[in-house]
Amino acid sequence: MKKITGNQLFVKALIAEGVDHIFAYPGGYAIDVFDALYKAEPDTDIEIVLPRHEQGLIHEADGYARSTGNVGVCLVTSGPGATNLVTGIATANYDSVPIVCFTGQVSLPLIGNDAFQEVDIVGCTRNIAKWVITVRDRKDLGRIIKEAFYIARTGKPGVVVVDLPKDVMATLGDDHYPEEVSIRGYKPNKNVNIRQLNRAVGMLYKAKNPLFLVGGGVKIANAHKEMRKFAEITGVPVVSTVMGIGVMPTDHPLFMGNAGMHGRYSANMAISECDVLFSIGTRFSDRITGELGAFAPNAKIIHIDIDTAAISKNVTVNVPIVGDAKIALTELVEIVKDKEPVATAGAFADRIREWNKECPLTLPASEKGVNPQKIFETANELLKDAIVVTDVGQHQMWATQFTTMESETRQFITSGGLGTMGFGIPAAIGACMGNRDTKVVCFSGDGGAQMNIQEMATAVQEETPIIICILNNQYLGMVRQMQDLFYDRRFASTCLCRRRSCQYTCKGPGPDCPPYTPDFVKLAESYGAKGIRVTNEDQIAPAFEAAMKEDKLPTIIEFMIDADRLVLPMVQSGKALDDMILEG
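Values in this document were obtained by computation on a predicted structure and should not be read as measured data.

1. Things to note about the pairing of strand β9 (residues 210–214)
Phase 1 of the analysis: Burial analysis of β9 places five of its five residues in the buried class, which makes it a mostly covered element.
Phase 2 of the analysis: Side-chain alternation along β9 places P210, F212 and V214 on one buried face and L211 and L213 on a second face that is also buried.
Phase 3 of the analysis: Pairing of β9 with strand β12 (residues 276–280) involves five bridges; the strand directions are parallel. By the bridge assignment, V214 is partnered in β12 with I280.
Phase 4 of the analysis: Looking at chain direction, β9 and strand β10 (residues 238–240) are connected through three bridges and run parallel. Within β10, the residue paired with L213 across the bridge is V239.

Right under this line is the structure:
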């Protein structure tokens, strides 16, 4: 058997796993791995992407993984290279995104001695990743890498961190890379309890006000078609979490919108009034439940989830079903295929539609700034097949409210569980790299955009023609909204125009405000990208059309919007879903 270094086996492993992109930033304790990749690159299909910061790097791997279904792969050096991944690890793991992060490490004898750029990254990430491990013996390297990819993509997907000491990677060993993996104690459940499914169906058909709640788990399982078929046969209306957007086409007659803190009035009322809530692939986080004691107070709850720990963790359920959403929904369709629709489902769906007429989702006109609703409606019309990526903030919630998901190819990608500002631009870059034939549009706020704005260089150099829509209200808008509603408009540390010389109690913005920093159009141009500023609604469509003509360069479109715009409806934290703020 041929003897090769651990660095060479690493390259062989990536090839065997079908890796086509690796998002990587070099450094002293990973330099030998990079050298092995450099030597092998002409004979492989692996594209090495060099971002400008490790946080941008992992968000790019995240966007690539979410949009393609492949495992995202990261490679960084030790110390700050590894710790800069931490936010992205938590972001991806929260949303069940399969990523394998390889981190360089000091040689084994130096571990624990406070060596230069030594960090216990296993200790740092143990509670925010699915699995973490340091390779301490060269003979274990191939097996550990194989296990890393297997664990990342199976069961409830997540992030795996593999720490690679420099001396272990330099050691000669056999060139064997295993074809299969068997991990004691890790056997992802691929079966589903048919008896429980039949029990759930029986409960559904006895309901007076039945409702489906779909979450991101249905998307991860790629069970869109099965979910739609199940809904259509039973006739039961459907609401979604933010992460479940796209499972049902937004124009489907049974889809009633997304629910939760900034969900539709009608969707929140549906949850509050249903008597059977059939939930699939959601964690029941506080953003979807509001006050736990008042969540679906009249309902018996059915919950399907691949993660045993998620069931009855936040909301006690009546019918727990552990299993993959696609397998479960396939079986459910088989159970109901010859049945009539649930007798009362149509009447409840009509009632939800009446609630929507009573309180439609719309943003009123304003003389100040561009109406965000018009931005999303124009994007819907001109970019029907685009991958939609968001950052985190008010723009994200408007995107969940007004983005239509009618095309089979359209995707909606956002940071749900962790709510990570700075996610949008790099995630859009990664999505574009994995989908070169599809337009990618990113919606961001002026605050979130600046958190990883250095990745504009990556976007230009990787020739990713993403369209970056920055909704600029000159504030950290979501926090400002809470200050507006609940803190007597004390805008503490949320104004992004504020300078040292500004008065302390400013309620701005106003005519005396200093100019905004930076000028996003000039910033885009400084990176060699295209920059457009939109100040009125007649300019929205031409701006998108100009950006769509670019086939290699990214475009920033800066939309100037009113700082006083609020995302409504809103359920105040700790309040019940039916206790919504409907007017500012």
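2. Description of the sheet that holds strand β14 (residues 319–322)
Phase 1 of the analysis: In spatial order, the strands read β11-β10-β9-β12-β13-β14; together these six strands make up an open sheet with parallel pairing. The open sheet is flanked by β11 (255–258) and β14, the only strands paired with a single partner. For this sheet the average axis-to-axis angle between neighbouring strands, irrespective of direction, equals 15°.
Phase 2 of the analysis: Helix α11 (residues 224–234) contacts β9, β10 and β12 of the sheet and is inclined by roughly 175° relative to β9.

3. Describing the pairing of strand β2 (residues 21–24)
Each regular strand carries side chains that alternate between the two faces of the sheet.
Phase 1 of the analysis: Where burial is concerned, the two faces of β2 agree: the one with H21 and F23 and the one with I22 and A24 are both buried.
Phase 2 of the analysis: Of the strand pairs in this sheet, β2 and strand β3 (residues 47–49) are connected by three bridges, and their pairing is parallel. Pairing of H21 across the sheet is with E47, part of β3.
Phase 3 of the analysis: Crossover handedness for the path β2 to helix α2 (residues 31–40) to β3: right-handed.
Phase 4 of the analysis: In this structure, β2 lies alongside strand β4 (residues 72–76), joined through two bridges in parallel fashion. Within the sheet, the bridge partner assigned to F23 lies in β4 and is C74.

4. Quick notes on the packing of aromatic side chains
Phase 1 of the analysis: The final tally for this structure, using the stated rule, is 13 aromatic pairs.
Phase 2 of the analysis: The interplanar angle of 40° and the centroid separation of 4.4 Å between the aromatic rings of F376 and F443 together place this pair among those described as tilted. Remark: F443 occurs in strand β17 (residues 440–445) and F376 occurs in helix α16 (residues 372–382); sequence separation between them is 67 residues.
Phase 3 of the analysis: Among the aromatic residues, those joined into a cluster by ring pairs are F10, F102 and F149.
Phase 4 of the analysis: When the ring centre of Y475 is taken as reference, the NZ or CZ atom of R480 above it lies at 4.3 Å.

5. Let's talk about the sheet that holds strand β5 (residues 99–105)
Phase 1 of the analysis: Read from one edge of the open sheet, six strands run β3-β2-β4-β5-β7-β6, paired in parallel fashion. Two strands bound the open sheet, and with one partner strand each, they are β3 and β6 (131–134). The sheet shows a mean angle of 20° between the axes of neighbouring strands, taken without regard to direction.
Phase 2 of the analysis: For β6 and strand β7 (residues 159–165), the ladder comprises four bridges, and the chain directions are parallel. Among the inter-strand pairings, V132 is bridged to a residue of β7, identified as V161.

6. Observations concerning the packing of helix α9 (residues 194–205) against helix α14 (residues 325–336)
Phase 1 of the analysis: At a minimum axis separation of 10 Å, α9 and α14 run at an interaxial angle of 55°. Between α9 and α14, the angle falls in the class oblique. Once α9 is placed against α14, the crossing between them reads as right-handed. Facing I194, L197, N198, V201 and Y205 of α9, the residues of α14 in contact are A328, E331, L332, I335 and V336.

7. Overview of the environment of T171
Phase 1 of the analysis: Structurally, the position occupied by T171 is in the loop between α8 (166–170) and β8 (172–174).
Phase 2 of the analysis: For T171, the contacting residues outside a window of four places in its chain are I4, T5, G6 and R138.
Phase 3 of the analysis: A distance of 2.8 Å separates a polar side-chain atom of T171 from the backbone oxygen of D167.

Each value, and the rule that gives it
- Residues numbered from 1 in each chain as written.
- Predicted model: local features only at pLDDT ≥ 70, side-chain atom pairs only at ≥ 80, totals over all residues.
- Heavy atoms only, no water.
- Buried < 20%, exposed > 50% of the residue type's maximum accessible area, 1.4 Å probe, protein only.
- Helix = DSSP H or I, 4+ residues; strand = E, 2+ residues; numbered from the N terminus.
- Pairing = 2+ DSSP bridges.
- Axes fitted to C-alpha atoms, helices over the stretch in contact; angles between N-to-C directions.
- Contact = heavy atoms within 4.5 Å.
- Right-handed = clockwise from strand over helix to strand, strands pointing away.
- Phe/Tyr/Trp six-rings, centres within 6.5 Å; stacked < 30°, edge-to-face > 60°.
- Lys NZ or Arg CZ within 6 Å of the ring centre and 35° of its normal.
- Parallel < 35°, antiparallel > 145°, perpendicular 65-115°, else oblique.
- Left-handed = near helix turned anticlockwise from the far one by under 90°.
- Polar contact = N/O pair within 3.5 Å; in protein donor to acceptor, adjacent residues only side chain to side chain.

That is the geometry; function is a separate question.
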